[in-house]
Amino acid sequence: MSEVYPTEKPYRVRRTPDRAHYDKETVHGILDEGLVAHVGYVGDKGEPHVIPIFYARRGDELLFHASSKSGLGLAAKKGVSMCATVTLIDSIVYARSGFHHSMKFRSVAAHGPTELLTGDDKLSALDFMVDRLEPGRAAHLRPMNIQEIKATHVVRLMLDQVTAKVSVGDAPNEEPEDLSWPVWAGIVPVDTVYGVPRQHDPSVSDAGRPALAGPMFRK
Ligand SMILES: Cc1cc2nc3c(=O)[nH]c(=O)nc-3n(C[C@H](O)[C@H](O)[C@H](O)COP(=O)(O)OP(=O)(O)OC[C@H]3O[C@@H](n4cnc5c(N)ncnc54)[C@H](O)[C@@H]3O)c2cc1C
């Protein structure tokens, strides 16, 4: 049995709670398939920000990097609490009424405190993020120089109050009396497809070449 996040109100799903999941297996499966999180936080003047950003999950941490001069980087430096959401869309649902049009999806919302990583923690997190794109690639790269390291904030959002919501199925939810309505109804699957890697001309080595089968190439 998978461990469960200790998510409490107001972070628990209210509507359609049968679609809510708090177990780590479901949450990690979604996070490890996505590439982009939308990270929300409240700025100094109380204004909301939601920023799309590349991330990598490591255990119960969500790692992302940001320019040290970016709003996100500056907020993380202050330890501001953030919320990161990740959404995978599996299909668009065309029902016989506008009301029942919807999507089948898997999503995660993770709330928690943030902090900046430093020293060896920071360097290992940066390598981890490269390896998320192709396992083992970081070992082949030119090491980062001091300027690059200074210019990059590495943010850790602890996975604490975490919710997954999963909507599955092959058919629209319809009112029984709508089923004879004369309009096309069904689903259109949506897939993320990765292409064949195209090498940049001046490349001199095949080391760290993205594989055709790996975490990024699930389909
Ligand atoms: C692609 C997509 C399209 C959607 N379209 C619609 C739409 O058109 N209309 C609509 O009403 N809803 C839509 N939803 C569902 C929507 O995300 C919310 O789940 C919904 O508004 C109900 O929220 P709530 O009142 O239960 O939770 P809220 O009270 O709004 O939020 C409480 C907590 O529940 C958790 N939570 C809420 N929603 C999600 C979620 N999707 N994934 C993970 N955790 C969540 C979060 O931790 C949040 O802090 C869509 C979801 C996705 C992924």
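Higher on the page you've got the structure.
Now for a look at the structure at hand.

The rules behind each value
Residues numbered from 1 in each chain as written. Predicted model: local features only at pLDDT ≥ 70, side-chain atom pairs only at ≥ 80, totals over all residues. Heavy atoms only, no water. Salt bridge = Lys/Arg side-chain N within 4 Å of Asp/Glu carboxyl O. Buried < 20%, exposed > 50% of the residue type's maximum accessible area, 1.4 Å probe, protein only. Helix = DSSP H or I, 4+ residues; strand = E, 2+ residues; numbered from the N terminus. Expected span 1.5 Å × (residues − 1). Contact = heavy atoms within 4.5 Å. Pairing = 2+ DSSP bridges. Axes fitted to C-alpha atoms, helices over the stretch in contact; angles between N-to-C directions. Near = heavy atom within 4 Å. Polar contact = N/O pair within 3.5 Å; in protein donor to acceptor, adjacent residues only side chain to side chain. Areas by Shrake-Rupley, 256 points an atom, 1.4 Å probe, with all protein chains shown as cover. Nonpolar A, V, L, I, M, F, W, Y, C, P; charged D, E, K, R; others polar. Core = buried A, V, L, I, M, F, W, Y, C linked by side-chain atoms within 4.5 Å.

## A few points about the pattern of salt bridges
Moving on, step 1. Per the counting criterion, the structure on display carries 11 salt bridges.
Moving on, step 2. Note that Glu61 and Arg58 form a salt bridge whose closest N and O atoms lie 2.7 Å from each other.
Moving on, step 3. Its relative accessible area of 11% is what places Glu61 among the buried residues.
Moving on, step 4. A residue is classified by how much of its surface remains accessible, and Arg58, at 21% relative accessible area, is partly exposed.
Moving on, step 5. For Arg156, the salt bridge identified is with Glu61, shortest N-O distance 2.5 Å.

## Some thoughts on helix H3 (residues 119-133)
Moving on, step 1. The end-to-end C-alpha distance of H3, which contains 15 residues, comes to 23 Å, matching closely the 21 Å that a straight helix rising 1.5 Å per residue would cover.
Moving on, step 2. Residues of H3 that are buried in the fold lie against helix H1 (24-33), strand E3 (48-54), strand E4 (56-58), strand E5 (61-67), helix H4 (146-151) and strand E9 (152-158).

## Notes on the sheet that holds E5
Moving on, step 1. With antiparallel pairing, the four strands of this open sheet are ordered in space as E4-E5-E9-E8. Sheet topology places E4 and strand E8 (114-116) at the edges, where each strand pairs with a single neighbour. Between one strand and the next, the sheet's axes are offset by a mean angle of 35°, whatever the strand orientation.
Moving on, step 2. Pairing geometry for E5 and E9, over seven bridges, is antiparallel. Note that in E9 the partner of Ala66 across the bridge is His153.
Moving on, step 3. In the packing of H3 onto the sheet, the strands contacted are E4, E5 and E9, and the crossing angle to E4 comes to about 120°.

## Remarks on the site of the ligand
Moving on, step 1. Residues in contact with the ligand amount to 15 residues; listed here are only the nearest, Tyr11, Arg14, Arg15, Ser107 and Lys165.
Moving on, step 2. Backbone polar atom of Arg12 to an oxygen atom of the ligand: 3.4 Å apart, as the coordinates give it.
Moving on, step 3. Interatomic distance of 3.4 Å between a side-chain N/O atom of Thr163 and an oxygen atom of the ligand.
Moving on, step 4. For the ligand, whose unbound accessible area comes to 870 Å², protein coverage reaches 57%.
Moving on, step 5. Put simply, the parts of the chain that give the shell around the ligand at least two residues each are strand E7 (102-112) and strand E10 (161-167).
Moving on, step 6. The greatest single-element share of the shell around the ligand, amounting to six residues, is contributed by E7.
Moving on, step 7. Grouping the constituent residues of the shell around the ligand by class yields seven nonpolar, four polar and four charged.

## Topic: the nonpolar core
Inside soluble globular proteins, nonpolar side chains tend to come together where they are buried.
Moving on, step 1. Residues Leu31, Val39, Phe64, Leu72 and Met82 are the most contacted members of the largest nonpolar core, which totals 27 residues.
Moving on, step 2. Looking at this core, the elements with two or more residues in it are H1, strand E2 (36-42), E5, helix H2 (71-77), strand E6 (82-94), E7, E9 and E10.
Moving on, step 3. When residues in this core are grouped by element, the largest group, four residues, is from E6.
Moving on, step 4. Beyond its immediate stretch of four places on either side in the chain, Val39 contacts His49, Val50, Ile51, Ile53, Phe64, Leu72, Met82, Cys83 and Ala84.
Moving on, step 5. Core analysis: the second largest hydrophobic core is formed by seven residues, Ala56, Leu126, Met129 and Val154 among them.

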